[in-house]
Amino acid sequence: MSEHPIESMMGTTLDKIKEMADVNTVVGDPITTADGTVIIPISKVSYGFASGGSDLPSKAQPNRELFGGGTGAGITISPVAFLSIHEGNVRLLQLDPFNSSVDRIVGMAPGFMDAITNFLNQNKKQKEEKAKKEAKADDSPAE
């Protein structure tokens, strides 16, 4: 049994879509700036695909059917964010507004982690300063 014409049309369309967008379209190539910051673009990719066809009887050749059909596809690539990496610090610079609670949480995570780290570092410094003051007080001569 031979392949139906719609199968080859759909296969060709899907192959062309694969050529247009791959993983490098979603996560772009890194860009390194003069100060050593690495910027990685992140994009949202949306696809649309349609195909259809019909076998039609032939009046000229009654034992043969004709085929008419078509396929179409569309792709939209929208930049949504940039990952910025500088001196070990990673930042997500989002271009799109936060659309859902999950988006907001993911967007806030780096800042939240930085706040916790700063708090812990301040707490550690305060303990170290307190220990130094106590050590100095213990070393001073009694009056």
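One can find the structure itself at the top, above this paragraph.
Remember, predicted model here, so these are calculated numbers, not experimental data. (Residues numbered from 1 in each chain as written. Predicted model: local features only at pLDDT ≥ 70, side-chain atom pairs only at ≥ 80, totals over all residues. Heavy atoms only, no water.)

Chemist: Describe the pairing of strand β2 (residues 38-57), listing the residues and the values that go with them.
Modeler: Looking down a regular strand, the side chains alternate between one sheet face and the other. For strand β1 (residues 31-32) and β2, the ladder comprises 2 bridges, and the chain directions are antiparallel. Bridging across to β2, threonine 32 finds its partner in valine 38. Following β1, the chain reverses through 5 residues before pairing antiparallel with β2; glycine 36 in that reversal takes a positive phi of roughly 95 degrees. In terms of strand pairing, β2 meets strand β3 (residues 65-86) through 20 bridges, oriented antiparallel. (Pairing = 2+ DSSP bridges. Helix = DSSP H or I, 4+ residues; strand = E, 2+ residues; numbered from the N terminus.)

Chemist: Can you explain the pairing of strand β4 (residues 89-94)? Please cite residues and give values.
Modeler: Here β3 pairs with β4 via 6 bridges, running antiparallel. Residue pairing across strands places serine 84 opposite arginine 91, the latter belonging to β4. If you look at the hairpin formed by β3 and β4, you'll find 2 residues sitting between the two strands, and glutamate 87 has a positive phi there, around 50 degrees.

Chemist: Summarise the environment of threonine 37; cite the residues concerned and give the values.
Modeler: Mapped onto the elements of the fold, threonine 37 is located in the loop between β1 and β2. By relative accessible area, threonine 37 is classed as buried at 9%. Along the primary structure threonine 37 and valine 90 are separated by 53 residues, whereas in three dimensions their C-alpha atoms are 9.9 Å apart. Residues in contact with threonine 37, not counting those within four places in the same chain, are Ile31, Thr32, Ser84, Ile85 and His86. (Buried < 20%, exposed > 50% of the residue type's maximum accessible area, 1.4 Å probe, protein only. Contact = heavy atoms within 4.5 Å.)

Chemist: Kindly report on the environment of valine 27, identifying the contributing residues and their values.
Modeler: Considering the arrangement of structural elements, one finds valine 27 in the loop between α2 (23-26) and β1. The partly exposed category is assigned to valine 27, whose relative accessible area is 40%. For the pair valine 27 and lysine 44, spaced 17 residues apart in sequence, the C-alpha to C-alpha distance is 9.1 Å. Not counting chain neighbours up to four residues away, the residues in contact with valine 27 comprise Ile40, Pro41 and Ile42.

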